Amino acid sequence: MRAVVVRRPGLGAVAEIIEVPTPEPGPGTVRVKVAAATVNPVDLMVRNGVGGTPFAAPREQWGIGWDVAGVIDAIGAGVDEFTVGQAVIGISDRLDVSLAAQADYIVLEAQNVTPAPTSVPAQAAATIPLNGLTAVQALTALELTPADCLLITGAAGAVGGYAVELAAAQGIRVIASASTADEPVVRALGATDFIPREADLPDAVRALVPGGVDAALDAAALGPETLAAVRARGRFVSISVPNTPIPLRGTKVTTVLVHADRPQLDELVALVDKGHLTLRVAETYPLAAVTAAHQRLSAGGLRGRLVLVP
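Numbers given for residues are sequential positions, taken from 1 along each chain in its written order. Reporting of local features is limited, given that this is a predicted model, to residues whose pLDDT is at least 70; pairs of side-chain atoms are given and counted only at 80 or more, and all residues count toward the totals for whole chains, interfaces and linings. Derived side-chain values reflect all non-hydrogen atoms in the structure, with water molecules and hydrogen atoms excluded from consideration.

**Q** I tried to follow the sheet that holds strand S4 (residues 62-63) on my own but got confused; where do I start?
**A** Strands sit in the order S2-S1-S4 across an open sheet of 3 strands; the sheet is antiparallel. The open sheet is flanked by strand S2 (16-19) and S4, the only strands paired with a single partner. Here, strands pair whenever DSSP counts at least two bridges between them. In this description a helix means any DSSP run of H or I spanning at least four residues, a strand means any run of E spanning at least two, and both kinds are numbered starting from the N terminus. Examined bridge by bridge, strand S1 (residues 2-6) and S4 share 2 bridges and lie antiparallel to one another. Paired with Val5 across the two strands is Gly63, which belongs to S4.

Structure follows, in structure tokens:
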């Protein structure tokens, strides 16, 4: 089978397609024939390393790709909740693996997989796991109530867009920060207020909410700039370790790094099938064009996810 890997992570590294034996599922795992796999910023981090430095101990190769939608074609011992031929979505939530989701097949722990939504094609379904779970887990960490006012930066992005829609559905007032051109998009997702990315964020927020917002989800990784918009003893969640600020003014600062969670994935799938969660595919590429897809992601300006189709 074909798999996308990087052999020497670091600045200037390239992702390449290699031929490898099709992996076999072991106990507690399933093999998924990939129908669609997304391209995410974390894939560029695996390729480029952190600050140009490989993020893990040396190995022959690192697999690329976290999100997958496809069909189970083999089941390991001890797995009885799935059947061969069942459509699923899943997440490969480890960085240090030799093979990952950008491939013809992937073996995943059964707990990382759940039945796919029935209302959307695989290309759209593949955009759910990584960014949807990140949004859910970030909002959970903020311990929000309907009385809260929430600031979301990067509100038009993949994580930010899901977070806006999920928080608004809970009756939370959402102040969204994004590019001016994205205002109609984030308002359609449920944002109550909008602040252009070019504005002075702390001042603009405090003009709307004297004293600052109760909580912030910093999906744009602005760090201190976003924290300054939060009230004293408020809550702040970062999804980027390097951009997590010092917890000034008694603010509770948390970094959320996504992990597989089947019940949360089930909830997201249910929302999709009810028409309550918006999935956005920016562009699709054949697996053979993975280099072009990585270049397009690096160029920025996407609204939705790039999807590879083997």
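**Q** Help me understand the pattern of salt bridges, please; the structure alone is not making it clear to me.
**A** In the sections that follow, a salt bridge refers to a side-chain nitrogen of Lys or Arg positioned within 4 Å of a carboxyl oxygen of Asp or Glu. For the coordinates displayed, the defined rule picks out 13 salt bridges. One salt bridge connects Arg2 with Asp104, and the closest N-O pair in it is separated by 2.9 Å. Of the two residues, Arg2 is situated in strand S1 and Asp104 in the loop between strand S6 (87-91) and strand S7 (105-109); the sequence distance between them amounts to 102 residues. The residue Glu81 makes a salt bridge to Arg262 at a minimum N-O spacing of 2.9 Å. Here Glu81, found in the loop between strand S5 (67-75) and S6, pairs with Arg262, found in helix H8 (residues 262-273); they are 181 residues apart in sequence, far enough to count as distant. Three exposure classes are used, based on accessible area relative to the maximum for each residue type with a 1.4 Å probe and protein chains only: buried under 20%, partly exposed in between, and exposed over 50%. According to the relative accessible area criterion, Glu81 is partly exposed, its value standing at 38%. On the accessibility criterion, Arg262 (23% relative accessible area) is partly exposed. Here the salt bridges do not stand alone but share partners, grouping Glu24, Arg31 and Asp73 into one network.

**Q** Quick question: what am I supposed to make of unusual backbone geometry here?
**A** In terms of backbone geometry, most residues other than glycine have negative phi values and most peptide bonds are trans. The backbone of Arg233 sits at a positive phi, close to 65°, despite the residue not being glycine. Looking at the secondary structure, you find Arg233 in strand S13 (residues 230-238). One non-glycine residue with positive phi stands out, namely Arg249, at about 55°. Judged by relative accessible area, Arg249 falls into the partly exposed class, the value being 38%.

**Q** Quick question: what am I supposed to make of H8 here?
**A** For an α-helix, the turn length of 3.6 residues means that residues three or four places apart are oriented alike. In a regular helix each residue adds 1.5 Å, so 12 residues correspond to 16 Å; H8 covers 16 Å between its end C-alpha atoms and thus fits that length. Turning to H8, its buried residues number three or more, namely Gln264, Leu265, Leu268, Val269 and Val272. For H8, the angular spread of buried residues about the axis comes to 140°, placing them on one side. Facing away from the buried side of H8 by more than 90 degrees, the exposed set consists of Pro263 and Glu267. Any two residues whose heavy atoms approach within 4.5 Å at even a single point are treated as in contact. On its buried face, H8 is in contact with S6, strand S8 (113-115), helix H3 (129-142) and helix H4 (158-169). One fewer than the residue count of a helix, multiplied by 1.5 Å, yields its expected span. In this context, the arc is that of the directions from the helix axis out to the C-beta atoms.

Function-wise, these values are silent; they only describe arrangement.
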